[in-house]
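Architecture and fold: a report
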Amino acid sequence: MQATLPLRLGVSERRDFPLYADNRDAPPEPVTVPWPLKPLGSAECGAERLADGRLSYWIRHDIVRGVTPRMLAWWFSNLEGEVTVAGQRINRYRAWHPYDHVHASYVRRCPDGTIGPGAQIRLREYLGANPRFNVDTVTTIEKLDEEGYIHNPALAGITGLVRMEYTFTRVAEGTLYENRLLIGGVEGWRRWATPLMQRFGFDQAHGLAWLRHNVEEVGIFEHLLPPLYLQETGLRE
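To keep things clear, this report deals only with the structure shown in the data block. (Residues numbered from 1 in each chain as written. Predicted model: local features only at pLDDT ≥ 70, side-chain atom pairs only at ≥ 80, totals over all residues. Heavy atoms only, no water.)

Moving on, we get to the overall build of the protein chain. A count of helical and extended segments in the protein chain gives 4 helices and 11 strands. Taken against the 2.2 N^0.38 rule, which gives 18 Å for 237 residues, the C-alpha radius of gyration of the protein chain at 17 Å falls within 12% of a compact globule. Taking the principal axes of its C-alpha atoms as reference, the protein chain extends roughly 55 × 40 × 35 Å. Per-residue burial over the protein chain gives 49% buried out of 237 residues. Of all intrachain contacts in the protein chain linking residues separated by at least 6 positions in sequence, the fraction that spans at least 24 positions is 60%. (Helix = DSSP H or I, 4+ residues; strand = E, 2+ residues; numbered from the N terminus. Rg over C-alpha atoms; globule rule 2.2 N^0.38 Å. Buried < 20%, exposed > 50% of the residue type's maximum accessible area, 1.4 Å probe, protein only. Contact = heavy atoms within 4.5 Å.)

Below you can see the structure in the form of C-alpha cells.
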C-alpha cells in the first residue's frame, strides 16, 4: 500500500490496528490517524562529533503543547496497550508513529512491577518506513522521571554503543522537549569500534532518518497523549 502524508481514510475503511509481532521483517501497514506529521523544519536539529569521538544527533523540538513532563514520564511507563482514535482501536505504540512503529513491549520490569531504571523495553521500528533503517533492540532504562528519560539500546546484545537522552522542561504552553542520540562507545574496544560503526552501521542517511522520525513522533504527542492520560489516570496534568 503506497501512502502519502498525512494518510486519511473514510469512515467505511476504519478498522483495528493491533500490535505487530516483534519479529516482523518489513515495514508495517500504515495506521490511520487524523493528524498530520510535523515537518523536520518545525524543530531545531543537527549533528555534531563530540570530543570523545561519538556522534550526537540532537533535536530541540517545537513546544509540545498541552503535554506536561508528568504525562511524558507516564507515557514511557505505559507504552503497552491500545487507544481509541476516531472510533478505531489502535495499538498505542503504532499510533505514536503511524508509518514507522511496529512493536513495543516490556521484557523486564522493576521488582515491584513498575517501569523505571533497570526495566527493559523491546522495540521494533523502521525509520522512514525504510527496510534499510530497521531498529530491532532491547533497551535498558537508566532514568525515567519528569525531568527526562535516558535509555541504552543494545546492538546484537551489546550495550555501550548507543545512548538516547531526553529532557523535559515545563513551560507555559506545555513542554520543551529536547533529545539526542549518541552513536559510539567511550570505553575499551567500543571506542575503537566507533568509527566503523558510524561508517557502516549508522551513517549520515540513517541519522537524518532518525531526526525526521523523532520530530514526527514527538509532534503526535499533542494529539495522542492528553486524552489518553486523562482517560487512564483521571488527571489533566
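In this section: helix α4 (residues 204-233). Taking 1.5 Å as the rise per residue, α4 with 30 residues should run 44 Å; its terminal C-alpha atoms sit 40 Å apart, in good agreement. Of all bends in α4, the biggest is about 45°, found at Phe221. (Expected span 1.5 Å × (residues − 1). Bend = angle between axes of the 7 residues up to and from the residue.)

Trans is the prevailing form of peptide bonds, just as negative phi is the prevailing case for residues other than glycine. The phi dihedral of Ala129 falls on the positive side, at around 50°, and the residue is not glycine. Along the chain, the position of Ala129 falls in the loop between β7 (120-126) and β8 (134-145). Accessibility expressed as a relative area gives 32% for Ala129, which makes it partly exposed. The phi angle at Ala156 is positive, at roughly 50°, despite the residue not being glycine. Tracing the backbone shows Ala156 in the loop between β9 (148-153) and β10 (162-171).

What follows covers the pairing of strand β6 (residues 101-108). Counting buried positions along β6 gives 6 out of 8 residues, so the element sits mostly inside the fold. In this sheet, β7 lies alongside β6 in antiparallel orientation, the contact comprising 6 bridges. Across the sheet, the residue bridging to Ser105 is Arg122, located in β7. (Pairing = 2+ DSSP bridges.)

We now examine helix α1 (residues 69-76). Most of α1 is tucked away, with 7 of its 8 residues classed as buried. When we look at burial in α1, the residues that qualify are Pro69, Met71, Leu72, Ala73, Trp74, Trp75 and Phe76.

What follows is about the nonpolar core. Among the nonpolar cores identified, the biggest contains 58 residues, and Trp75, Phe76, Tyr177, Trp210, Phe221 and Leu225 are the most heavily contacted of them. Among the elements that make up this core, the one with the highest residue count is α4 (11 residues). If we ignore the near neighbours within four places in the chain, the residues touching Phe76 are Trp96, Tyr106, Ile115, Leu144, Tyr149, Tyr166, Phe168, Tyr177 and Phe221. (Core = buried A, V, L, I, M, F, W, Y, C linked by side-chain atoms within 4.5 Å.)

Right, let's talk about the side chain of His151 for a bit. Within the fold, His151 resides in strand β9. Residue His151 is classed as buried on the basis of its relative accessible area of 2%. For His151, the side chain forms a polar contact with the side chain of Tyr166, separated by 3.3 Å. (Polar contact = N/O pair within 3.5 Å; in protein donor to acceptor, adjacent residues only side chain to side chain.)

The buried count for strand β11 (residues 174-183) comes to 8 of 10 residues, which makes it a mostly enclosed element. With 6 bridges joining them, strand β2 (residues 55-60) and β11 adopt antiparallel strand pairing. Each bridged residue has a counterpart across the sheet, and for Trp58 the counterpart in β11 is Arg180. Note that strand β3 (residues 64-65) and β11 share 2 bridges and pair antiparallel. The partner of Arg65 across the bridge, within β11, is Gly174. As paired strands, β10 and β11 are joined by 10 bridges and run antiparallel to one another. Paired with Glu165 across the bridge in β11 is Arg180. Hairpin geometry of β10 and β11 is characterised by an intervening segment of 2 residues between the two adjacent antiparallel strands.

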